[in-house]
Amino acid sequence: MNSHKQPINLRFAEKLFLHVLKDLAQRRTSTYLYDRINCGRLLRQLLIDGDVLTLVANRRVRAPLFFTLTKYGEPKRHINIPEECLKYLIKDPGECAYLQPVKMDNYLDHRIANYGDNDISVRDLIKYVANNYGGVHLDPGQDDKVKMHLVDQTIHVNGEGAIFALLSSVIVTTLAALYPIRDALLEALLADNDKMLFGEESKVIASIPIPNSTNEKVGTLSVWLKSKVDQEWYKSDKQKSFPPMKNHLWELQIHKDESRQLHVNLLGLLGKDYAFTADVPDYKTVSPQHGVHVLIAWDYPVITLYLQGKEIERKEMEDLRPNETKAKRP
């Protein structure tokens, strides 16, 4: 098995980051428990899971990434916070207080609370809501979660459990830290004449070379025609078009007309189009669970259409592709 890790499509990660961040911001002020729980899921997605979405999304624009902690006393050295970050931070943290920027890992390890002798880190909090409260998983956990359950059930702050009060603080800090990346990404997308919308062409993996078929003159296409909207389409006289199937070599189009005939068109195979027409099979032979089975098989120079396992029509094939084996001119 090939364990080589495929490169992530950075544009996909950037847009996913923007959507997740927007989702978090929209749920932030909600008092509905379901939204609060999902904030834990979104934080885990942004800061903890996998290759860490925030770090991947920031690879191209390289915006400053700092999380700020409120410290008291005199700072040991001058603290320089980038201008891109300052506009999202509180102007005055309070008397004898200052803002200390830290890296993401340091923030996740930061002790945000303690219960007795048990410290609770930002990472603990996010994982508890996401992994045990149902943000991603629903699992009360073993003894290692007792401290979180005790805090959740015995302490209330501002009319809500301490767990979600603490989560509110994490959300505010995270949004302030990640908004500079958002701003840089939106500016970069605008410069590329792109938008944050996802299209069908968006893929999680960066573009990879398309392998050539070992032998394009032999092949099989097998599809089941099924419709969620019109489950018994094969019984009616209405027109029905199915979504096309295609790759870089061919495109398969299938349409049923009002006379209950199926038009099966395979376009571009060896540079030629092949059109088949056949009656819709008797509905008694059709399984509602699977639909109508269409199979096209070719072994040059013959291509054959089958419906429900029954041979319908054969055609002679042509190879109209440019001859790539011709000797090049010196």
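Use the structure listed above.
Residues numbered from 1 in each chain as written. Predicted model: local features only at pLDDT ≥ 70, side-chain atom pairs only at ≥ 80, totals over all residues. Heavy atoms only, no water.

> Which residues make up the overall build of the protein chain, and what values go with them?
Secondary structure assignment for the protein chain yields eight helices and 14 strands. In terms of overall size, the protein chain is more extended than a compact globule, its C-alpha atoms giving a radius of gyration of 29 Å where 330 residues would be expected to give roughly 20 Å. Looking at the protein chain as a whole, 36% of its 330 residues qualify as buried. At a minimum sequence separation of 6, the contacts of the protein chain that also span at least 24 residues come to 58%. (Helix = DSSP H or I, 4+ residues; strand = E, 2+ residues; numbered from the N terminus. Rg over C-alpha atoms; globule rule 2.2 N^0.38 Å. Buried < 20%, exposed > 50% of the residue type's maximum accessible area, 1.4 Å probe, protein only. Contact = heavy atoms within 4.5 Å.)

> Any details on the pairing of strand β3 (residues 111-115)? Residues and values, ideally.
In this sheet, strand β4 (residues 118-121) lies alongside β3 in antiparallel orientation, the contact comprising four bridges. Looking at the pairing, Y115 lines up with N118 of β4. Connecting β3 to the antiparallel partner β4 that follows it, the hairpin turn spans two residues, and G116 within it adopts a positive phi of roughly 65 degrees. (Pairing = 2+ DSSP bridges.)

> If you had to explain the sheet that holds strand β13 (residues 302-307) to someone new, which residues and values would you point to?
Read across the open sheet, the four strands follow the order β7-β12-β13-β14; overall the sheet is antiparallel. Pairing within the sheet leaves two strands with one partner each, and these edge strands are β7 (218-225) and β14 (310-316). The sheet shows a mean angle of 15 degrees between the axes of neighbouring strands, direction not considered. Bridge count for β7 against strand β12 (residues 292-299) is eight bridges, and the pairing is antiparallel. Paired with V218 across the strands is D299, a residue of β12. (Axes fitted to C-alpha atoms, helices over the stretch in contact; angles between N-to-C directions.)

> Mind laying out the nonpolar core, listing which residues take part and the relevant values?
Grouped together as the largest cluster of nonpolar side chains are 48 residues, with contacts concentrated most on F17, L46, L47, F67 and L178. Within the residue set of this core, elements represented by two or more residues are α1 (10-27), α2 (33-47), α3 (53-57), β1 (67-72), α5 (104-108), α6 (122-132), α7 (146-154) and α8 (162-191). Ranked by residues supplied to this core, first place goes to α8 with 14 residues. Not counting residues within four places of it along the chain, the set of residues in contact with L178 comprises F17, L21, L46, L47, T54, L65 and F67. In terms of nonpolar packing, the next biggest core, distinct from the first, is built from 27 residues, L252, I303, L305 and M317 among them. (Core = buried A, V, L, I, M, F, W, Y, C linked by side-chain atoms within 4.5 Å.)

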